[in-house]
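This is what each chain is made of:
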Number of protein chains: 4
Amino acid sequence: MQTKSPDTAILLLSCLDTQGIVSDVSHFIFTYGGNILDSNQHSDVQTHTFFMRVEWELSKFKIPQEKIAQAFEPIALKFGMNFKIQFSNTLTRLAIFVSQYDHCLYDLILRNREGETHAEICLIIGNHPQMKEIADSFGLPFHYTPMTKETKDEVENQQIALLKEHQIDLVVLARYMQILSPRFIEEFPNTIINIHHSFLPAFIGAKPYHQAYARGVKIIGATSHYVTQELDQGPIIEQDVTRISHRDSVRTLVIKGRNLEKIVLSKAVKLHLEHRVLPHGNKTVVFE
Amino acid sequence: MQTKSPDTAILLLSCLDTQGIVSDVSHFIFTYGGNILDSNQHSDVQTHTFFMRVEWELSKFKIPQEKIAQAFEPIALKFGMNFKIQFSNTLTRLAIFVSQYDHCLYDLILRNREGETHAEICLIIGNHPQMKEIADSFGLPFHYTPMTKETKDEVENQQIALLKEHQIDLVVLARYMQILSPRFIEEFPNTIINIHHSFLPAFIGAKPYHQAYARGVKIIGATSHYVTQELDQGPIIEQDVTRISHRDSVRTLVIKGRNLEKIVLSKAVKLHLEHRVLPHGNKTVVFE
Amino acid sequence: MQTKSPDTAILLLSCLDTQGIVSDVSHFIFTYGGNILDSNQHSDVQTHTFFMRVEWELSKFKIPQEKIAQAFEPIALKFGMNFKIQFSNTLTRLAIFVSQYDHCLYDLILRNREGETHAEICLIIGNHPQMKEIADSFGLPFHYTPMTKETKDEVENQQIALLKEHQIDLVVLARYMQILSPRFIEEFPNTIINIHHSFLPAFIGAKPYHQAYARGVKIIGATSHYVTQELDQGPIIEQDVTRISHRDSVRTLVIKGRNLEKIVLSKAVKLHLEHRVLPHGNKTVVFE
Amino acid sequence: MQTKSPDTAILLLSCLDTQGIVSDVSHFIFTYGGNILDSNQHSDVQTHTFFMRVEWELSKFKIPQEKIAQAFEPIALKFGMNFKIQFSNTLTRLAIFVSQYDHCLYDLILRNREGETHAEICLIIGNHPQMKEIADSFGLPFHYTPMTKETKDEVENQQIALLKEHQIDLVVLARYMQILSPRFIEEFPNTIINIHHSFLPAFIGAKPYHQAYARGVKIIGATSHYVTQELDQGPIIEQDVTRISHRDSVRTLVIKGRNLEKIVLSKAVKLHLEHRVLPHGNKTVVFE
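Residues numbered from 1 in each chain as written. Chains lettered and ligands numbered in written order. Predicted model: local features only at pLDDT ≥ 70, side-chain atom pairs only at ≥ 80, totals over all residues.

**Description of the relation of the copies chain B and chain A**
Let me state the cut-off plainly: Copy-to-copy alignment: least squares on C-alpha atoms, limited to residues at pLDDT 70 or above in both. What counts as a contact is two residues whose backbone-derived C-beta atoms lie within 7 Å of each other.
Overlaying chain B on chain A yields an RMSD of 0.0 Å, the required transformation being a rotation through 180° with an accompanying axial translation of 0.0 Å. One copy is carried onto the other by what is essentially a two-fold rotation axis. The position closest to the rotation axis in chain B is occupied by the C-alpha of Ala202 of chain B, lying 2.3 Å away. With an isologous cut-off of 70% or more, the 100% of interface residues of chain B that recur at the interface of chain A puts this contact in the isologous class.

The structure is reproduced here in structure tokens:
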């Protein structure tokens, strides 16, 4: 949980597991006057991969922010690391995609307004015009991008152009009822978060509440994941469930599910914005 | 939740939904001096089926216990009901099937000893000899029925004979690692309860914890259901889940899952023993 | 859960427990052509009190809506019942009181807009002017009623007058940071619902998140209850909890708690609006 | 979660928060050939205290096990650390205190047998003779120590002598219905774990299920904590809750509560045995 006041750097890294990584990383931070606020690590025993997240205060750090990545390069090279350094004083630039359901949209906007998520909502993109009113009421820009089978390619090009123009860091599909093309997904690897209204891998695809009703389960769920080429198969970031009973109709499942969808999507987005999620193949390491 | 002291009758019924059912049933009970302690009903709007569970005190009831079903026949005929009348002073006769994992077996025995479940454990049947010691320590009869592909038919015949001889009302598969033959299942419709160590319909079949680990889910579950011909497809009685993380290995999933398996199986058995479960096609109505 | 289409009557009653109540009530409904959709009962063994909720379709009911209560009187007299008959086609008239926190206000408005709650929000009353903007954006009337120790009596008189003028059925305190006077509470018995941001009876009174932080609990909660003369002591309608850890500061408890407050308050309001809650001394019977 | 095979060292430390701690600790481990498997840290901002848990493989570590603490002393001195080094190949020596309820006792024994907890149950001490049978059935030593007001001092002396003689590391009060004297508690600081059958700080003291029933809460809980001089006020290690309703009697609360008590106590004991708990004043830091 980032604290409000001090500027911090957050380093996320992964590499082949070996000795000396923590020692070198913490020595690097100490040498230049950084005070470690939080540090987490994980070793995946199957793939021998090491993951780390470390956050330190920048107030007395002797390397200027824009040169830290460069200064860290030698250590990264030594261990063959993938790494990324981010800063608490830099807001993540967010685009929200939405169709006709507004509950996740409202939830994301309101949490952002209350300071719960560390992001700037730069774009709301929708294929139904009535979302404009909501965007307007919060002073947020809305782009109406209706789509047919015939225009899908062209409209996606517009959307991609919009995302690039606004230097979007994270795309959130807030119950966006369109399947993104492989081409679109490739442009934004591990930076598109979707909410699926079932406890994946149960009830993949369309109408999961109808599927859950038909199967007679006693619990329903929601799953937030990064979007990959395979439908509903991307790395899971967060899931949650709620109890149901024979009294529930599909309609009441939808109502109970809305609660879950909001909570699970917002939690996943928040974890991503706090740089706590490391995708790893089809799974995630989440440093809470 | 049955109270300890007063003898009660529990009527479970289902029929086509129409007017006057509750009125006739409650009038029947009132006329003969019964005091209704608990009553639940449900209408399935898709199939127009009406379900009811009603429990009443027998102390002043004017019809002797063994003749109540017969006295109720006219109402059942009028509405075309399926019904069953059971009595709190009659213990359900239980058989527990087990393989090499003992946690569910212990859990069922201990809850029964503490008076949590209203049943007599008449038989423990196992295909691994080491469970005998546990059965012995509680003074319960153990039958060792090892099985190979070649002997399966014959051994199942022995098992069925045992169940019939001991007038077993409910069979509980407490992590019994054999698939019952269709013939076996047919003999005991909706009276075999199984525990599957996943959140069905996710991870059907073998090694669900391995499947969950491979998929990278953030929550695992357990499901208790009546056994039907299709593997892991029977009517679900109870499910529960627990949160996991990237830190969990298959081994720790197994440990966390054991907790769930015990709780979910015992809950389902308890609901069945209190005559709260009405199967309905591939689903259940559970009057908690 | 009320279904959308058919008009229904909902009868809530309590009386001394005796034989024949269910029989008489269901006979009454059947006689006049009502089809029972849902029925629940409960007997409190300590006080020998019987509680019932029964809901039936009105489409073919032979008594006009406005005369049903009168027609039921003889049965009520016979058993000495407290009873109330309400109708699904009559919207409950709601007033929401709010201070400077807007999350519960938004949550109540949005759920109402989505048809999740069966009510008309007639008034929003607040002692902080900035809530007007939110009310305006949804076209809801806002009344600004600032209050000092000196003006409390007078302002409460205005508020009570407003509630009466608008024939308010239910008052919801959506994180309203004022303690209502005994006089105010007396005017609206069991029709004021409050949300307290702790797991009552733990952490009564001011700053419960600070109290929770100081005590080092591992779980925090929220409680929704009817307001009575004793602070935070009224009949509890709904509670829920969420897990926390040593990593949480008071600030993150507040954020996690907001989620709970919204869910618990909305759930309690929904239960009340569906006429599922029967207060009983300092407790409630909730027929879910 | 410790893995089964490799021998590891676990270092728990706390000190005033300052720069360079992680760097020095990880450098120490690296220098002597240790491979860090898991590392966690926490800074308490109110008291400026730093907490750390680090676990590393011993297979190639150049310092023999019994000399590691000594070798670490200079770093501990530099930062003014409280620290403790423990080893996965050393079983914690456990004593379980029990009265007439056996569910927690069974649960602790069975989980230990299944390898879920890393401990040796050396003593079972009880003030009711019937627990002997359970202890016997698992081949565990039982000491019967009945107690009256008059003999309390003397009996406690015997108990303390037993604990010392058997070099007990951890005392678990498994629903032990006696209040330990201050003198007893002083002998075993932060090494006595109790289970209280409520969601503390709600319902402190005797008969919490009766208190919960009287208050009409919708959720009950259980709390495991280190025993300190003030009753039910010690540092909380773990809590959990379960949902109840108006249908529950005190008797069914007791049954539902037993489930919680077992789970919460075993979880707390497991966390302690894996050296994941650092008491801090009246709170705990738990590195899960």
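Once you've had a look at it, read on.
**Brief notes about the environment of Gln19 of chain A**
Where we set the bar: Numbered from the N terminus, helices here are DSSP runs of H or I no shorter than four residues, and strands are runs of E no shorter than two.
Following the sequence through the fold, Gln19 of chain A ends up in the loop between β1 (8-16) and α1 (21-31). Aside from chain neighbours lying at most four places away, what touches Gln19 of chain A is Phe30 and Asn35 of chain D.

**Examining the confidence of the model for chain A**
Worth spelling out the cut-off: Known as pLDDT, the predictor's per-residue confidence is scaled from 0 to 100.
Confidence along chain A averages 95 in pLDDT terms, with 98% of residues attaining 70 or more. Confidence estimates for the predicted assembly give a pTM of 0.95 and an ipTM of 0.94.

**Quick look at the relation of the copies chain D and chain B**
Overlay of chain D on chain B (RMSD 0.0 Å): rotation 180°, translation along the axis 0.0 Å. Both copies share a contact surface, since 100% of the interface residues of chain D are interface residues in chain B too.

**Some words on the nonpolar core**
What counts here: We define the nonpolar core as any set of buried residues of the types Ala, Val, Leu, Ile, Met, Phe, Trp, Tyr and Cys, connected via C-beta atoms lying within 7 Å of each other. Partly exposed residues are those whose C-beta has more than 12 but fewer than 20 other C-beta atoms within 10 Å; with 20 or more the residue is buried, with 12 or fewer it is exposed, and the C-beta atoms are placed from the backbone.
Ala174 of chain A, Ala174 of chain B, Ala174 of chain C together with Ala174 of chain D are the most contacted members of the largest nonpolar core, which totals 324 residues. Ignoring any residue separated from it by four or fewer positions in sequence, one finds Ala174 of chain B in contact with Ile96, Phe97, Val98, Cys104, Leu105, Leu108, Ile195 and Leu265 of chain B.

**Quick word on the interface of chain B and chain A**
Quick reminder of the rule: Throughout this entry, Asp, Glu, Lys and Arg are counted as charged residues, while Ala, Val, Leu, Ile, Met, Phe, Trp, Tyr, Cys and Pro are counted as nonpolar. The remaining residues, Gly among them, count as polar.
The partner chain A presents 24 residues to the 24 residues of chain B that form the contact. Mapped by element, the contributors of at least two residues to the side of chain B that touches chain A are β11 (236-243) and β13 (283-286) of chain B. Partitioning the side of chain B that touches chain A into residue classes produces eleven nonpolar, eight polar and five charged.

**Considering the environment of Ile193 of chain B**
Residues and elements named next belong to chain B. Within the secondary structure, Ile193 sits in strand β9 (residues 192-196). Sequence separation between Ile193 and Ile96 is 97 residues; the distance between their C-alpha atoms is 9.8 Å. Setting aside residues up to four positions removed in sequence, Ile193 forms contacts with Leu170, Val172, Leu173, Ser224, Tyr226, Ile237, Ala268, Val269 and His272.

**Looking at the interface of chain D and chain B**
Taken residue by residue, the interface counts twelve residues in chain D and twelve residues in chain B. Elements supplying a minimum of two residues to the side of chain D that touches chain B: α3 (103-113) and α8 (250-273) of chain D. Considering every element that reaches the side of chain D that touches chain B, the biggest residue donor is α8 of chain D, with four residues. Grouping the constituent residues of the side of chain D that touches chain B by class yields five nonpolar, four polar and three charged.

**Thoughts on the sheet that holds strand β10 (residues 219-226) of chain A**
Residue and element names in this part refer to chain A. Filter applied, for reference: When DSSP finds two or more bridges between two strands, those strands count as paired. Helix axes use the C-alpha atoms of the stretch in contact, all axes being lines fitted to C-alpha atoms, and the angles between their N-to-C directions lie in the range 0 to 180 degrees.
Taken together, seven strands build an open sheet; the order of strands is β7-β6-β5-β8-β9-β10-β11 and the sheet is mixed. Edge positions in the open sheet fall to β7 (142-144) and β11 (236-243), since each of these has one partner strand only. Geometrically, the sheet is characterised by an average inter-axis angle of 20° between neighbouring strands, direction not taken into account. Direction of pairing for strand β9 (residues 192-196) relative to β10: antiparallel, over a ladder of four bridges. Bridging across to β10, Ile195 finds its partner in Ser224. Packing against the sheet, helix α8 (residues 250-273) makes contact with β5 (92-98), β6 (119-126), β8 (170-173), β9, β10 and β11, and its axis sits at approximately 155° to β11.

**Points about the sheet that holds strand β9 (residues 192-196) of chain D**
Residue and element names in this part refer to chain D. The strand order across the open sheet built from seven strands is β7-β6-β5-β8-β9-β10-β11, with neighbouring strands paired in mixed fashion. Either end of the sheet is taken by a strand with one partner, and the two such strands are β7 (142-144) and β11 (236-243). Taken pair by pair, the neighbouring strands of this sheet meet at an average axis angle of 20°, ignoring direction. Bridging between strand β6 (residues 119-126) and β7 involves three bridges; their strand directions are parallel. Paired with Ile125 across the two strands is His143, which belongs to β7.

**Quick word on the domain arrangement of chain A**
Residues and elements named next belong to chain A. Rule in force here: For each domain, the first and last residues come from an automatic or database assignment.
In terms of domain boundaries, chain A breaks down into domain 1 (8-87) and domain 2 (92-286). For domain 1 versus domain 2, the separation of C-alpha centres amounts to 31 Å. Across the contact, nine residues belong to domain 1 and five residues belong to domain 2. Of all the secondary structure elements, the ones that give two or more residues to the side of domain 1 that touches domain 2 are β1, β2 (35-44) and β3 (49-57). The residue makeup of the side of domain 1 that touches domain 2, split by class, is three nonpolar, four polar and two charged.

**What to know about the packing of helix α1 (residues 21-31) of chain B against helix α1 (residues 21-31) of chain C**
Formally: Angles are sorted into four bins: roughly parallel if under 35 degrees, roughly antiparallel if over 145, roughly perpendicular if 65 to 115, and oblique for all others. Put simply, a crossing is left-handed when the front helix is turned counterclockwise from the back one by less than a right angle, and right-handed when it is turned clockwise.
Across the interface, α1 of chain B lies against α1 of chain C with an axial gap of 8 Å and an inter-helix angle of 150°. By the angle between their directions, the pair α1 of chain B and α1 of chain C is classed as roughly antiparallel. Of the two elements, α1 of chain B crosses α1 of chain C, and the hand of that crossing is left-handed. Where α1 of chain B approaches α1 of chain C, its residues Val22, Ser23, Ser26, His27 and Phe30 of chain B are matched on the opposing element by Val22, Ser23, Ser26, His27 and Phe30 of chain C. Classifying every residue of the contact of α1 of chain B with α1 of chain C by side-chain character gives four nonpolar, six polar and no charged.

**Examining unusual backbone geometry**
Cis geometry marks the peptide bond from Leu200 of chain A to Pro201 of chain A; its omega dihedral reads 10°. Within the element layout of this structure, Pro201 of chain A appears in the loop between β9 and α7 (208-215). Located in the positive-phi region is Asn190 of chain B, a residue other than glycine, with phi close to 55°. Mapped onto the secondary structure, Asn190 of chain B falls in the loop between α6 (182-187) and β9. For Lys207 of chain D, which is not glycine, the phi dihedral falls at a positive 50°. As for its position among the elements, Lys207 of chain D is in the loop between β9 and α7 (208-215).

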